[in-house]
Structure formats: C-alpha cells, structure tokens
Amino acid sequence: MSVTRYNLFGNMRGRLTRNKIKYALLLPAVLYAAAWVIYPMIDVFTLSVQSDGAFVGLENYRQILTSDQFHDILTNTFVFTVPVLTLEVVFGIALAVAFNAKFRFKRFWQTIVLIPLVLTPFAVGMMFRWFFSSSLGIVNYLLSSAGLSTYNWLGDPTYATIAIIVAEVWQWTPFMFLMAYTAIQSIPQNIVEASRIDGASSLQRFRYIVLPYILPVLMITILIRLILILKSSDKILAMTDGGPAGSTTMLPMYIYEQTFVYGSTSRSAATSVLFLLLILSFGYLFMYLLSYTRHEV
Amino acid sequence: MIEKNKIMKRSARWTTIGIASLLFLFPLYWTITRSLMPLQASFRLPPVWIPTDLTLDAYTAILLDGPYLDYLFNSTVTTVIAIALSLVLGVPATYALVRFEFPYKLDKHISFFLLSLFMLPPVVPSLSYYDIFQSLNIFDSQIGLGLAYTVFNLPLVVWFTRGFISDVPDSIREAALIDGATEFEIFRYVYLPLIKPGIAAAAIISFILTWNEYLLALILTSLNAQTMPVGITEFVGQYTIAWNELSAGLVLVTLPGIIFIIFTQKYIISGLTQGAIKE
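All figures in this text were calculated on a predicted structure; none of them were measured in a lab. (Residues numbered from 1 in each chain as written. Chains lettered and ligands numbered in written order. Predicted model: local features only at pLDDT ≥ 70, side-chain atom pairs only at ≥ 80, totals over all residues.)

A look at the overall build of chain B
Part 1 of the argument: The number of helices and strands found in chain B is 14 helices and zero strands.
Part 2 of the argument: The secondary structure elements of chain B, listed N-terminal to C-terminal, are α-α-α-α-α-α-α-α-α-α-α-α-α-α.
Part 3 of the argument: A compact globule built from 279 residues should have a C-alpha radius of gyration of about 19 Å, whereas chain B, at 24 Å, is more than 25% larger.
Part 4 of the argument: If you line up chain B on its principal axes, its C-alpha atoms span 75 × 70 × 30 Å. (Helix = DSSP H or I, 4+ residues; strand = E, 2+ residues; numbered from the N terminus. Rg over C-alpha atoms; globule rule 2.2 N^0.38 Å.)

Structure below.
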C-alpha cells in the first residue's frame, strides 16, 4: 500500500515539474541561437534592398544576377565542386573497401587515414601553397626530376584550379572513407554470405549488394560535403587568395572581399541572401534524405 | 584459383592503403622536418629528405621572440569558452527535444532550426557580428569570439548527442521516476553519465571546429585576441617567407587535432557516424 502511494506521489511530482523543466532545458539554447541568427538575417536582408541608405528594392539583386563576376564565381564553384566530390567518392569507397577485412594494426592504419580530417584548413592551404610553388615547390621538383614539364601552378587559372582540387580532396577523402566504411561494416553478414554461396564474384557483390546498401549514406555524406564546400573556403584563401584573375574565387571569399575590403555592404548583403538560398535548398534536400533513410534503415 | 584470387585481393588492399598513407603522411613529415631545420636548409631544393642537424630555433623564434605564445593562449581561451557554452546549452536542449513531447510539433521545428544552423556560412552574419561586437565592446576579445563560435557548434552538439540520448531505454527513466527522482535529477544523474561518449564526441568536434576556424577570427579580432590560424599569415611577408618558422607555426596549430585523432578516435568516429548511419 505504501509503495503505491509513493508511486503516485512520485508520478504526480514528475507531471507537475515536467512541463516547466522541459522548457527550462530547451529554451536557453533556442533563444541563444535565435538571437545570434535572427538579428543578422534581418540586418542582411535590410541592407540588401538598400543602396547608400536609400530603399532600392531588388536593384542590388538585379545587378548581381546580371554581372559577369557573379556568373564567373558560380562557374568557379561548379568547376571546383564536381571534381572534388567525384574524386572523394571514388577514393573514399576504394579505401573503405580496402579496409573492409581483418588485418593487423588496423587501428594504426585507420588513424593515419583519418589525420587530414582534423587539420586546420587554412594551415593545409599554406602547406599546399608551398608544395605547388613554382620555384620552391616539391611538386615541380618531382616533375622535373622525372623528366616531365613543370607548371606555374598557382599562377595559371586552370592549374590553380587543379591545385585547389588536389588540396581539398586530400583533406576530405578521409570523411568519405569513414562514412562509407561504417556503412559497409553495418551490412548484415548473412547477406554477404548468401551471395558468396550463390557464387557471386567480388565485383558482382560490390555492384549488387554493397553499393545499393551504402547508397543512402553516400548521398547524405555528399550533401554534407557540398554544404561544407559551399560555406567555407579557408583553404583556397590560403592557397590562391581567389586568384589568379579571380579564377578561384568562391562565394564566401567574394562576400568577405566586398564587405571588408571594398565596403560595398549592400552588394555583399544581396549576394549573401542569394548564397543562403542556394545553400538552404541543398540543405533541405539533405534534411529530407536524412528523415527518409531514418525510416528506411 | 582461390589462392591466387586471395593474393590479388591482398595486394590490392595493401597498395591502396600504402599509397593513401604515404600521401596523407608526406605533408606532415615535410612540415615537421622543415620546422626542425635552419632557415637555409628548410626550403632548399633538392630537398633534405632526412634531416640530420635538427634545431628548435624556429620554435623558440616564434614562441619566445614572436607573438605565437599569445596566439596559443587566445586560441585556448576561445576554444574552452566555445566548447563549454555549446555543451551547457546544447546537451540539455537535445535531451528535452528527444525525451519530451511539445505542443504544435514544436520539438520537430526546433530540432530542424538548430540542425539547420549547420548550413549557415560564417561569412553571412559576419558584418552584423562585427557591428554588434563593436557596440558591445567585445570586439577583439576571446569571450566575444567564443560566444560567436558557440552558435556554429550548437548544430553539431545536437547532431552528435541525440542518437546517444535516444539509445537510453525508456525503462531506465521510468524506474527513476518510480523511485521519486525529479525530471532534472533524471537528466543530471541518470542520463548525463550514460551519454558521456556522445558528450565527448560533441566536445571533440566542437574543439576541432573552433580551434581551426579562420574567417570569423580574422574579422572579429585585430590585435589582442588573434587566434593561431590567423597568426600563421604572420610568416608570409611581402617579399620573403620564413619557411622554417612557418612550418613550426603549422605544426603547432595542427598538433592538437592530430593528438585528438590518435587518442580519441573512437569518440570522433561514433559521433560522426551516429547521426547519419545509426537509427
């Protein structure tokens, strides 16, 4: 009897405080984030429809959307992003497959393969700037030692783009590897066994079992990477500073430059809004995929 | 036939892992060895592959004669503030979102809002932050920078801990309720100890992001609160670069991340993969 009463008491107290406590736990984070996001958003939007303090409607947007520079930046972003993602997927999966077996000192090798992921992007950019330097760089040294021709890597638009792609893939292939590897590890062993008994070759097993199974995770990882590539370009800033001739300038670099170097805040605010729309559209796709796979798996 | 297949597979595996390791380690080897050389030897080509006369000159130059000790201090203070605040705000909020029901699907919408902060490029609100910081007198301070970084860490704290929180069986919570524990006691004494790995993962990823951030640090500091990544640019003069000192700076800024991945790999992996892969 006494136990029952104690229960009732406990539950009642729980019910009474539950409503308060859940808001007390939740609200600080929400209010904090809202304060740091909502004000700047209003600020950016207000600036984007003004010019020298006067309301100009969508004029800033019209100017940006019709400017060659904006088109060039979008082209730069596309030309950079597509090879980066493709190479990361190919190398990441190759590594994940290579690691998908029992062998000695696996933890040790895995650690090595994960190192680039935790390095300061700006510092990685400085390293690669040195490697790709035309006179002091190891890349040109190795090319000329092998009897091949050398290039002015960071001084030529095409080669500079190749150089920043190499640096980005170097740093982020480990992420693709990690996600693909974890996904492969979670494939139920009986499926793999059954295919082995049915006489499927390694290649067939990869094509018809492994790849379909890890596809949702790959899609999510590609989208995470896409968002990361779009939203920060510290490494490129360190390697080329957007040059030569603006050929490696990406959206964040352009906004930074317009705001803090040229002080054309209205133009950069309008670019910021367009940038946000772009990144959010990918982001919603990401969220959608996330909820989709959560139900599926 | 089967034997031959096995040997081929094994050599393919070791070729892949071998080449990858070589490519991943070489830049580190290069930077570490250059940082231990005198200036003249550090940029010589053909390069000194295996350095023999090692010196700590570059380190003493940047730490004792240069401002690097200050950068190190600023980075550390900023990072500690950002991690502490993002965990104190983020973990209870995630707990509330996972464990309680809110009216009007508020929990769904708020989760969505917090997670979508991940998509916010730091450069977009940077001008507003610059203005706010100036008027609040926290421009060029570690505390100001730490407060700003917290916003960008929050989505990762939510992302990294929510899987761990929903993994705790409801029966444990019910048992504690029957024992007369209050909701706060359950969070503090039942959940927090159980989700330690998730908190560790969130803390580590917050550390890596905050420690490595460049653009906001560049915009929101000038002389007093410059962090390590911004400090690196110091070595790049207009005409000359002190290559050995630059290398030492690169080693110092990347070292904490390397130490973390070696000793806390388990947490980083579980945190990174939990959100996307585990149900």
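Re helix H7 (residues 142–167) of chain B
Residue and element names in this part refer to chain B.
Part 1 of the argument: Helix length check: H7 (26 residues) gives 36 Å between terminal C-alpha atoms against 38 Å at 1.5 Å per residue, within 8%.
Part 2 of the argument: Along H7, the largest kink reaches about 40 degrees and is centred on Phe-152; proline Pro-155 follows within four residues of it.
Part 3 of the argument: The element H7 is extensively covered by neighbouring structure, given that 23 of its 26 residues are classed as buried. (Expected span 1.5 Å × (residues − 1). Bend = angle between axes of the 7 residues up to and from the residue. Buried ≥ 20, exposed ≤ 12 C-beta atoms within 10 Å, placed from the backbone.)

A closer look at the packing of helix H4 (residues 68–99) of chain B against helix H10 (residues 196–212) of chain B
Residue and element names in this part refer to chain B.
Part 1 of the argument: One way to put it is that H4 packs onto H10 with a least axis distance of 9 Å and a crossing angle of 140 degrees. With respect to their mutual orientation, H4 and H10 come out oblique. You can see that H4 and H10 cross each other, and the crossing is right-handed. Within the contact between the two elements, H4 uses Ser-75, Thr-78, Thr-79, Ala-82, Ile-83, Ser-86, Leu-87, Gly-90 and Val-91 and H10 uses Ile-199, Ala-202, Ala-203, Ser-206, Phe-207, Thr-210 and Trp-211.
Part 2 of the argument: For the contact of H4 with H10, the class distribution of residues is nine nonpolar, seven polar and no charged. (Axes fitted to C-alpha atoms, helices over the stretch in contact; angles between N-to-C directions. Parallel < 35°, antiparallel > 145°, perpendicular 65-115°, else oblique. Left-handed = near helix turned anticlockwise from the far one by under 90°. Contact = placed C-beta atoms within 7 Å. Nonpolar A, V, L, I, M, F, W, Y, C, P; charged D, E, K, R; others polar.)

Regarding the interface of chain A and chain B
Part 1 of the argument: Contacts between the two partners involve 72 residues from chain A and, on the opposite side, 70 residues from chain B.
Part 2 of the argument: Considering each element in turn, the side of chain A that touches chain B owes the most residues, 23 residues, to helix H1 (residues 2–48) of chain A.
Part 3 of the argument: Considered class by class, the residues forming the side of chain A that touches chain B number 50 nonpolar, 15 polar and seven charged.

Remarks on the nonpolar core
Part 1 of the argument: Ranked by size, the top nonpolar core spans 151 residues in total, and within it Leu-95, Ala-96, Ala-123, Met-126, Ala-163 and Ala-180 of chain A together with Leu-220 of chain B carry the most contacts.
Part 2 of the argument: Sort the elements by how many residues they give to this core and helix H7 (residues 157–185) of chain A lands first, with 15 residues.
Part 3 of the argument: Three or more residues apiece are contributed to this core by two domains, here domain 1 (2–48) and domain 2 (67–296) of chain A.
Part 4 of the argument: When residues no more than four places from it in sequence are discounted, the contact partners of Leu-95 of chain A are Val-113 and Phe-177 of chain A together with Thr-16 and Ala-20 of chain B. (Core = buried A, V, L, I, M, F, W, Y, C linked by C-beta atoms within 7 Å. Domains from an automatic or database assignment.)

Observations concerning unusual backbone geometry
Part 1 of the argument: A cis amide bond links Gly-243 of chain A with the next residue in sequence, Pro-244 of chain A, at an omega value of -10 degrees.
Part 2 of the argument: Looking at the secondary structure, you find Pro-244 of chain A in the loop between helix H10 (234–239) and helix H11 (251–261).
Part 3 of the argument: Even without a glycine there, the phi angle at Asn-137 of chain B is positive, about 65 degrees.
Part 4 of the argument: Mapped onto the fold, Asn-137 of chain B is located in the loop between helix H6 (126–136) and H7.

Focus on the confidence of the model for chain A
All names here are of chain A.
Part 1 of the argument: Of the residues in chain A, 92% have a pLDDT of 70 or more, and the chain-wide mean is 89.
Part 2 of the argument: Across chain A, helix H3 (residues 68–99) holds the top mean pLDDT of 96, while H1 sits lowest at 78.
Part 3 of the argument: Within the model, pLDDT remains below 50 along residues 1–9, and this stretch shows two contacts once partners closer than five positions in the same chain are excluded. (pLDDT = per-residue confidence, 0-100.)

Thoughts on the confidence of the model for chain B
Part 1 of the argument: The share of residues in chain B with pLDDT of 70 or more is 96%, and the mean pLDDT across the chain is 90.
Part 2 of the argument: Scored by ipTM, the complex comes to 0.91, with pTM at 0.91.

Focus on the packing of H3 of chain A against H7 of chain A
All names here are of chain A.
Part 1 of the argument: The contact between H3 and H7 brings their axes to 6 Å, and the two run at 40 degrees. Taken together, the axes of H3 and H7 lie oblique to each other. The hand of the H3/H7 crossing is right-handed.
Part 2 of the argument: Grouping the constituent residues of the contact of H3 with H7 by class yields 20 nonpolar, three polar and two charged.

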